[in-house]
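Examining the three-dimensional arrangement
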Amino acid sequence: MNAAVWHGTRDVRLTVLPVPEPSPGQALVRVHWVGLCGSDLEEYLEGPVVARAPRVLGHEIAGVVDRAAADGSGPPTGTRVVVDVVTGCGRCQWCNRHQEGLCPNLVVTGQHVDGGLAEFVLARADRLVPVPDGMDLRHAALAEPLAVAVRAVRASGLGDRDRIAVLGGGTVGLLCAQVALATGAGAVTVIEPSEHRRRLAEAWGALAVWADGVDERASLAESALGGAPDVVLECAGQAGSAAEAVALLAPGGVTVALGVTPAADPIDVLDVVLREKTVRGSAAHMWDDDVVPAVGLLADRQVDAEPLITHTVPLARTNHAFELLEDPLAGVVKVLVHAGPDDNPDTANHPTPERSADEPVRRRPPDRRTHH
């Protein structure tokens, strides 16, 4: 099979590898689409961070079961599926609490074991999530980041008609806004510097604001929402954004931190204590609690994935996909890599937008926004 194998900094090579052989509890999935995110880019630019080379990256995977599990678990051959990528040991206290993302022996497909940037990938069969008929497999590739958003919104305890602010309008931030709107938020505002991303948020019914100063942003957000937000989802992952999220909160409010930064990011603990604010983290997701609802939201079109998919690139040009991700002027929200068969109808309906081969790539530091 063809695979885009990461060997180190800016070193991804199209390689022919043996088709992996599934164990009894595994299915072999023919990959069609893979989304790239900030953690993939971080490995590409700065790795090894989590993954160890050589590794097939890619954990936002949609495809078709090519060989069902020999033990009878999971869906049959030919089923269109989303691959769940979070696997705990199954024995520790966190796994027993259904918190496998906290397992000390956690294995993430595309980081600890080979992932979806290949024609085939192995998956735990009983955690494959079927994709309903009529749903575009391209959209299904966004089920994994959408599951991150589903989990974060649930962790916030969002109540009916609560005011919610999303700090950062990348893929996960925009998905958080859509999930919040779909689950009963009274008003949602997205705080994001990119005008294009603000317009996307507004098209779905959110409000969108930006100003260069922290105080100015807070004032605009409060004005848009009609008061300080009850919930802030921190999806920016920039230095100071955690403190900004806490400061934005109304007394008694909850902030859920999804973004990551390379260094410690202090918050105002006195503000948290005296105003009884809550700060929670959210990172991993579970196949049943989060991925299944995410697929449902996409299938029912309560979440609109299509505008988020700004670029699609064939597997043979995976390096170009990473170049697009680090290009600040490319207008990227989500890049999908197509690893499926040449006769995939999804490809025929959605030609790949690509820049001229001689157009220069503009480098930028790795995006510290949410990546899971």
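Now for a look at the structure at hand. (Residues numbered from 1 in each chain as written. Predicted model: local features only at pLDDT ≥ 70, side-chain atom pairs only at ≥ 80, totals over all residues. Heavy atoms only, no water.)

Here the structure, examined in full by the defined rule, presents 17 salt bridges. A salt bridge links Asp136 to Arg138; the nearest nitrogen and oxygen atoms lie 3.6 Å apart. As far as burial versus exposure is concerned, Asp136 and Arg138 are alike and both buried. Put simply, Arg154 and Asp290 hold a salt bridge, and the shortest N to O gap is 2.7 Å. One end of the pair, Arg154, is in helix H4 (residues 143-155); the other, Asp290, is in helix H10 (residues 287-299), with 136 residues separating them in the sequence. Taking relative accessible area as the criterion, Arg154 reaches 43% and is therefore assigned partly exposed. Relative accessible area serves as the criterion here: at 0%, Asp290 is assigned to the buried category. A network of salt bridges, in which partner residues are shared, links Asp136, Arg138 and Glu306. (Salt bridge = Lys/Arg side-chain N within 4 Å of Asp/Glu carboxyl O. Buried < 20%, exposed > 50% of the residue type's maximum accessible area, 1.4 Å probe, protein only. Helix = DSSP H or I, 4+ residues; strand = E, 2+ residues; numbered from the N terminus.)

We now examine a nonpolar patch on the surface. A cluster of nonpolar side chains, contributed by Ile267, Val269, Leu270, Val273, Leu274 and Val279, occupies part of the molecular surface with about 550 Å² of accessible area. Considering each element in turn, the nonpolar patch owes the most residues, 4 residues, to helix H9 (residues 269-274). The topology assignment puts Val273 in helix H9. (Patch = residues over 30% accessible without salt bridge, like charges linked within 9 Å, V, L, I, M, F, W, Y side chains within 5 Å. Areas by Shrake-Rupley, 256 points an atom, 1.4 Å probe, with all protein chains shown as cover.)

Here the focus is helix H11 (residues 318-325). Each α-helix turn comprises 3.6 residues. Residues three or four places apart therefore point the same way. The element H11 is largely enclosed, with a buried count of 6 among its 8 residues. For H11, the set of buried residues is Thr318, His320, Ala321, Phe322, Leu324 and Leu325. The inward-facing, buried residues of H11 contact strand S1 (2-8), strand S2 (11-16), strand S3 (26-36), helix H1 (38-46), strand S17 (309-314) and strand S18 (334-338). (Contact = heavy atoms within 4.5 Å.)

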